[in-house]
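# Topology and contacts: notes
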Amino acid sequence: MVKKCWLFIIGLLLCSCISAYAVDLKFTGFVADQAGVLSNQSVNDINMMLWDLQKKTGADIAVVTLNSLNGSDVNDVAIQIGREYKLGDKVKNNGVVFLTAVNERKMSIQLGTGLERTVGLNAIENIRDKDILPYYRQEQYENGIFRGAYSLAKAVADSENVTVKTYGNVPPPAGSSGRNDDIPIWAWPFILLGALFRRRGRFNSGSFGGFGGGGGFGGCGCSGSW
């Protein structure tokens with residue numbers, strides 16, 4: 001009788017741990033903005049960019065914001081998201097999780113096993129330090145997330161020798177004026193006119209087939225706080 005009671009208690013503890021660890025996300029395309037820090041336009045523009053990346057490479061980048069980690073480790077939660085939602089192509093396992101936990105002021109980037117060598121740890125640490133955390137320290141979460149998603153998409157696209165389309169106005173690296181000095185002054189009016197009349201596009205969730213069915217994550221990633 002005592003043994004059965006102990007087994008029952010242990011089972012309850014295990015169930016409570018699993019339920020606390022599980023993350024129930026509501027994705028709009030590639031974005032699950034549970035913390036509500038992104039505008040509808042940014043969600044659309046990020047989705048259009050990541051959809052283009054998926055079509056060209058099979059890679060999935062999940063952009064997730066949470067209000068709280070509820071006591072869990074930010075890297076563990078990011079890896080769990082990658083595995084549960086089966087990010088990336090089934091063969092390539094080229095998924096990426098970009099997780100931001102606003103209340104704990106922590107973030108994590110985790111790479112699928114197929115990207116561990118082609119993109120690598122140094123690249124995502126550089127993206128964390130130059131593109132994301134400087135914005136987060138100013139509490140400009142939308143800019144940091146948009147810039148981070150763009151830089152991650154570009155890193156994956158470069159590893160497959162393709163070019164990913166951008167939509168909307170991608171924020172410049174934090175601390176940058178946003179101007180590229182390699183572009184001559186005379187060209188700027190044409191660039192501005194092109195941006196004015198450019199068709200931004202609208203993400204069609206009905207055409208989005210979901211994530212690719214991969215989910216192989218071995219723990220190659222980085223985290224940070226601000």
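In the annotation of an unreviewed UniProt entry, the protein is listed under the name TPM domain-containing protein and assigned to Candidatus Scatousia excrementigallinarum.

The subject of this paragraph is unusual backbone geometry. Where the residue is not glycine, phi is negative for most of them; where a peptide bond is considered, it is trans in most cases. For Asn70, which is not glycine, the phi dihedral falls at a positive 55°. As for its position among the elements, Asn70 is in the loop between β2 (60-66) and α3 (74-84). Note on Asn70: relative accessible area 63%, which makes it exposed. Here Glu139, not a glycine, exhibits a phi torsion of approximately 60°, which is positive. The residue Glu139 is located in the loop between α4 (121-137) and α5 (141-159) in this model.

Here helix α2 (residues 40-57) crosses α5 at 10°, and the two axes come no closer than 11 Å. Taken together, the axes of α2 and α5 are roughly parallel relative to one another. For the pair α2 and α5, contact is made by Ser42, Asp45, Ile46, Met49, Leu50, Leu53 and Thr57 and by Glu142, Ile145, Phe146, Ala149, Tyr150, Ala153, Val156 and Ala157, respectively. Of the residues belonging to the contact of α2 with α5, the class tally is eleven nonpolar, two polar and two charged.

To continue, consider the side chain of Asp60. Within the secondary structure layout, Asp60 lies in strand β2. Within the local environment of Asp60, its side chain forms a polar contact with the side chain of Gln54, the two groups lying 2.7 Å apart. Of the polar contacts made by the side chain of Asp60, one reaches the backbone nitrogen of Gly212; its length is 2.8 Å. When residues no more than four places from it in sequence are discounted, the contact partners of Asp60 are Phe30, Gln54, Lys86, Leu87, Gly88, Asn94, Gly95, Val96, Phe211 and Gly212.

Taken as a whole and judged by the stated rule, the model has six salt bridges. In this structure, Glu139 engages Arg105 in a salt bridge whose closest nitrogen and oxygen atoms are separated by 3.4 Å. One end of the pair, Glu139, is in the loop between α4 and α5; the other, Arg105, is in the loop between β3 (95-101) and β4 (106-112), with 34 residues separating them in the sequence. Look at Arg105 and you get partly exposed, because its relative accessible area is 26%.

What follows deals with the pairing of β4. A large share of β4 lies buried, amounting to six of its seven residues. As paired strands, β4 and strand β5 (residues 217-225) are joined by seven bridges and run antiparallel to one another. Residue pairing for β5: Lys106 is matched across the bridge by Ser225.

Here five strands make up an open sheet; going across it, the order is β1-β2-β3-β4-β5 and the pairing mixed. In this open sheet, the two edge strands, each paired with only one partner strand, are β1 (31-33) and β5. Neighbour-to-neighbour, the strand axes of the sheet open up by a mean angle of 10°, direction not taken into account. Across three bridges, β1 lies against β2 in parallel orientation. Looking at β2, one finds that Asp33 is bridged to Thr65. Contacting β1 and β2, α2 runs over the sheet at an angle of about 155° to β2. Running at roughly 30° to β5, α4 makes contact with β3, β4 and β5 of the sheet.

With 19 residues, α5 extends 27 Å from end C-alpha to end C-alpha; this agrees with the ideal 27 Å at 1.5 Å per step. Among the 19 residues of α5, 14 are classified as buried, and the element is accordingly described as predominantly covered.

Residue-level pLDDT values for the protein average 87, and 79% of them are 70 or greater. Throughout residues 5-21 the model reports pLDDT below 50, and contacts reaching past four residues in sequence, or to other chains, amount to five contacts.

Parameters at a glance
- Residues numbered from 1 in each chain as written.
- Predicted model: local features only at pLDDT ≥ 70, side-chain atom pairs only at ≥ 80, totals over all residues.
- Heavy atoms only, no water.
- Helix = DSSP H or I, 4+ residues; strand = E, 2+ residues; numbered from the N terminus.
- Buried < 20%, exposed > 50% of the residue type's maximum accessible area, 1.4 Å probe, protein only.
- Axes fitted to C-alpha atoms, helices over the stretch in contact; angles between N-to-C directions.
- Parallel < 35°, antiparallel > 145°, perpendicular 65-115°, else oblique.
- Contact = heavy atoms within 4.5 Å.
- Nonpolar A, V, L, I, M, F, W, Y, C, P; charged D, E, K, R; others polar.
- Polar contact = N/O pair within 3.5 Å; in protein donor to acceptor, adjacent residues only side chain to side chain.
- Salt bridge = Lys/Arg side-chain N within 4 Å of Asp/Glu carboxyl O.
- Pairing = 2+ DSSP bridges.
- Expected span 1.5 Å × (residues − 1).
- pLDDT = per-residue confidence, 0-100.

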